Amino acid sequence: TFGDLLGSSPSFRSVIDIAGKVARSDSTVLLLGETGTGKELLAQAIHNASSRCHDPFVGVNFAAISESLLESELFGYEEGAFTGARKGGHSGLFEQAHKGTIFLDEIGDASLAIQNRLLRILQERQVMRVGGNRVIPIDVRIIAATNRDLEDMVHRGLFRADLYYRLNVLPIQIPPLRERLEDLPQLIEQLMEKVCHKLKRPSFTFSKEALKAMHRHTWPGNVRELENTIEFLAHIVEEVAYPHHLPFRKDQSVVTCGEEELMAKEFASLCAFYENKGFLTEIIAMRRVFAHAKSSVGRQPVMKKLREAGVLLSEQQLRYRLNLLRQDEILNVGRGRQGSTMTTKGKAFMQYLSRHRHLV
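**Concerning the overall build of the chain**
Move 1: A tally of helices and strands in the chain yields 15 helices and 13 strands.
Move 2: Out of the 360 residues in the chain, the part that is buried amounts to 45%.
Move 3: Within the chain, contacts between residues separated by at least 24 positions form 70% of all contacts whose residues are at least 6 apart in sequence.

See the structure below:
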């Protein structure tokens with residue numbers, strides 16, 4: 001339903017407003033948008049807000065069915081129409097959608113032969129099964145969708161102009177995710193709830209740097225890519241997702257000059273904060289412990305290593321400092337006996353401290 005389609009950005013609310021109005025009619029709708037923008041969800045919402053909501057919603061993806069099968073799937077066939085035809089014949093998707101809605105997804109992938117038959121159905125509202133000799137009247141609302149530029153395909157002779165204008169009655173352009181990034185927090189929250197419930201695991205949070213990376217990403221796969229990202233994180237993250245967890249950050253070693261400058265300013269600010277707190281030396285000593293660790297390190301081993309380095313801390317003092325480093329995204333602090341590990345940001349902070357030896 002429209003209530004399931006989250007987003008408060010002006011561009012997305014405009015789409016929902018238009019879709020809500022066209023749902024009240026029986027006119028053909030053409031949904032345009034990049035892959036992963038939610039065209040099928042919007043088609044279902046239009047159907048469920050229409051007077052046909054109690055009748056079938058039937059979808060067909062022209063990119064997913066082979067050309068040889070598509071005709072019989074769409075229009076049905078009579079008994080004996082071809083080798084292997086089912087006894088008694090078979091109703092096609094248009095017949096199955098009678099009184100309801102048929103969703104023609106990826107219509108831009110339809111062959112010219114299929115386009116020709118579709119045009120006849122749209123004009124006459126009748127279908128003839130493969131191998132049949134009688135026409136069957138149908139009453140369907142048509143919603144088509146594509147991520148292609150149909151107008152350009154018409155100019156290049158790849159799509160029938162008459163079919164295009166039959167479909168392009170109520171066009172709705174769905175904006176890509178990169179043009180409505182203000183909806184990102186709401187979408188993340190909804191998808192996290194859905195994915196974590198499916199995996200039966202507790203929810204998790206995003207670090208500040210991870211959220212910044214999510215907002216900087218261009219999301220070529222749109223909301224579908226975002227959902228895949230959340231599901232990936234739900235499998236590998238315990239409590240907090242950091243930039244190095246993000247699947248689209250393939251090369252963490254690549255840092256732009258602007259990012260490096262911002263990072264240096266942040267690290268300088270962190271050093272000043274720790275120094276004002278009076279335990280920069282302790283933080284540096286803890287950094288050395290984690291820098292040489294090959295796996296996660298628990299509190300007791302950390303205290304032992306610090307004592308060997310001449311740094312004496314109570315368990316409560318160590319817990320406070322570990323929590324501080326976790327908040328600053330320097331460490332991943334595990335639950336219970338899981339121990340702690342250095343984050344990608346923490347490793348960069350370690351390199352910063354090594355370059356600025358006057359701090360050590």
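**Brief notes about the sheet that holds strand β9 (residues 170-173)**
Move 1: Taken in spatial order, the 5 strands of this open sheet run β2-β5-β8-β1-β9, and their pairing is parallel. If you trace the sheet from one side to the other, it starts and ends with β2 (57-61) and β9, each paired once. Adjacent strand axes in the sheet meet at a mean angle of 20 degrees, parallel and antiparallel pairs treated alike.
Move 2: In the packing of helix α2 (residues 39-48) onto the sheet, contacts are made with β1 (29-32), β2, β5 (101-105), β8 (141-146) and β9, and the angle to β1 comes to roughly 150 degrees.

**Things to note about the environment of Ile-136**
Move 1: Tracing the backbone through its elements, the reader meets Ile-136 in strand β7 (residues 136-137).
Move 2: Note: C-alpha distance between Ile-136 and Glu-95 (41 residues apart in sequence) is 8.1 Å.
Move 3: Aside from chain neighbours lying at most four places away, what touches Ile-136 is Glu-95, Arg-125, Gln-126, Val-127 and Arg-129.

**Remarks on the nonpolar core**
Move 1: By size, the foremost hydrophobic cluster in this structure holds 33 residues, and its most contacted members are Phe-62, Leu-74, Phe-94, Leu-104, Ile-107 and Phe-159.
Move 2: Considering each element in turn, this core owes the most residues, 5 residues, to helix α5 (residues 112-124).
Move 3: Beyond its immediate stretch of four places on either side in the chain, Ile-107 contacts Phe-62, Leu-118, Ala-144, Ala-145, Thr-146, Leu-150, Phe-159 and Leu-167.
Move 4: Counting residues in each nonpolar core, the second largest holds 29 residues, with Phe-290, Met-303, Leu-325 and Leu-353 among its members.

**As for the packing of aromatic side chains**
Move 1: For the structure on display, the rule yields 6 aromatic pairs.
Move 2: Aromatic pair Phe-75 and Phe-94: ring centres 6.1 Å apart, planes at 10 degrees, arrangement stacked. Placement of Phe-75 in helix α3 (residues 67-75) and of Phe-94 in helix α4 (residues 93-96) is noted, with a sequence separation of 19 residues between them.
Move 3: Take Phe-75: its relative accessible area is 0%, and that puts it in the buried class.
Move 4: Looking at Phe-94, the relative accessible area reads 0%, which means it is buried.
Move 5: Pairing Tyr-164 with Tyr-165 gives two aromatic rings, centres 5.0 Å apart and planes at 65 degrees, and the pair type is edge-to-face.
Move 6: The class for Tyr-164 is buried, based on a relative accessible area of 9%.
Move 7: Taking relative accessible area as the criterion, Tyr-165 reaches 56% and is therefore assigned exposed.
Move 8: The ring of Phe-75 is capped by Arg-117, whose NZ or CZ atom sits 4.1 Å from the centre of that ring.

**Here's the deal with the confidence of the model for the chain**
Move 1: Confidence along the chain averages 84 in pLDDT terms, with 89% of residues attaining 70 or more.
Move 2: Scored below 50 in pLDDT, residues 251-258 makes 5 contacts in the model with residues more than four places away or belonging to other chains.

**Section: the packing of helix α8 (residues 184-199) against helix α9 (residues 208-216)**
Move 1: Running from N to C, α8 and α9 point in directions that differ by 110 degrees, and their axes come no closer than 11 Å. Looking at the two axes, α8 sits roughly perpendicular to α9. Crossing of α8 against α9: the hand is right-handed. Contacts from Leu-184, Pro-185 and Ile-188 in α8 reach Leu-211, Met-214 and His-215 in α9.
Move 2: Looking at the contact of α8 with α9, its residues break down into 5 nonpolar, 1 polar and no charged.

**Focus on the pattern of salt bridges**
Move 1: All chains considered together, the criterion is met by 15 salt bridges.
Move 2: For Asp-26, the salt bridge goes to Arg-52, with nearest N and O atoms at 3.1 Å. Taken together, the positions of Asp-26 in the loop between α1 (10-22) and β1 and Arg-52 in the loop between α2 and β2 put the pair 26 residues apart, joining distant regions of the chain.
Move 3: What makes Arg-52 buried here is its relative accessible area of 7%.
Move 4: Taking the shortest distance from any N to any O, the salt bridge between Glu-95 and Arg-129 comes out at 2.8 Å. Note that Glu-95 is positioned in helix α4 and Arg-129 in the loop between β6 (126-127) and β7, a separation of 34 residues in sequence.
Move 5: A single network of salt bridges, built from pairs that share partners, joins Asp-26, Arg-52, Lys-99 and Asp-139.

**Some points on helix α15 (residues 344-355)**
Move 1: Between the first and last C-alpha of α15 there are 17 Å, a value that for 12 residues agrees with the 16 Å anticipated at 1.5 Å per step.
Move 2: Among the residues of α15, those classed as buried are Lys-345, Gly-346, Ala-348, Phe-349, Met-350, Tyr-352 and Leu-353.

**With respect to α3**
Move 1: Taken together, the buried positions of α3 are occupied by Leu-70, Ser-72, Leu-74 and Phe-75.
Move 2: Packing partners of the buried residues in α3 comprise β2, β3 (76-77), α4, α5 and β6.
Move 3: With its phi angle positive at about 80 degrees, Gly-76 sits one or two positions after the end of α3.

Basis of the calculations
Residues numbered from 1 in each chain as written. Predicted model: local features only at pLDDT ≥ 70, side-chain atom pairs only at ≥ 80, totals over all residues. Heavy atoms only, no water. Helix = DSSP H or I, 4+ residues; strand = E, 2+ residues; numbered from the N terminus. Buried < 20%, exposed > 50% of the residue type's maximum accessible area, 1.4 Å probe, protein only. Contact = heavy atoms within 4.5 Å. Pairing = 2+ DSSP bridges. Axes fitted to C-alpha atoms, helices over the stretch in contact; angles between N-to-C directions. Core = buried A, V, L, I, M, F, W, Y, C linked by side-chain atoms within 4.5 Å. Phe/Tyr/Trp six-rings, centres within 6.5 Å; stacked < 30°, edge-to-face > 60°. Lys NZ or Arg CZ within 6 Å of the ring centre and 35° of its normal. pLDDT = per-residue confidence, 0-100. Parallel < 35°, antiparallel > 145°, perpendicular 65-115°, else oblique. Left-handed = near helix turned anticlockwise from the far one by under 90°. Nonpolar A, V, L, I, M, F, W, Y, C, P; charged D, E, K, R; others polar. Salt bridge = Lys/Arg side-chain N within 4 Å of Asp/Glu carboxyl O. Expected span 1.5 Å × (residues − 1).

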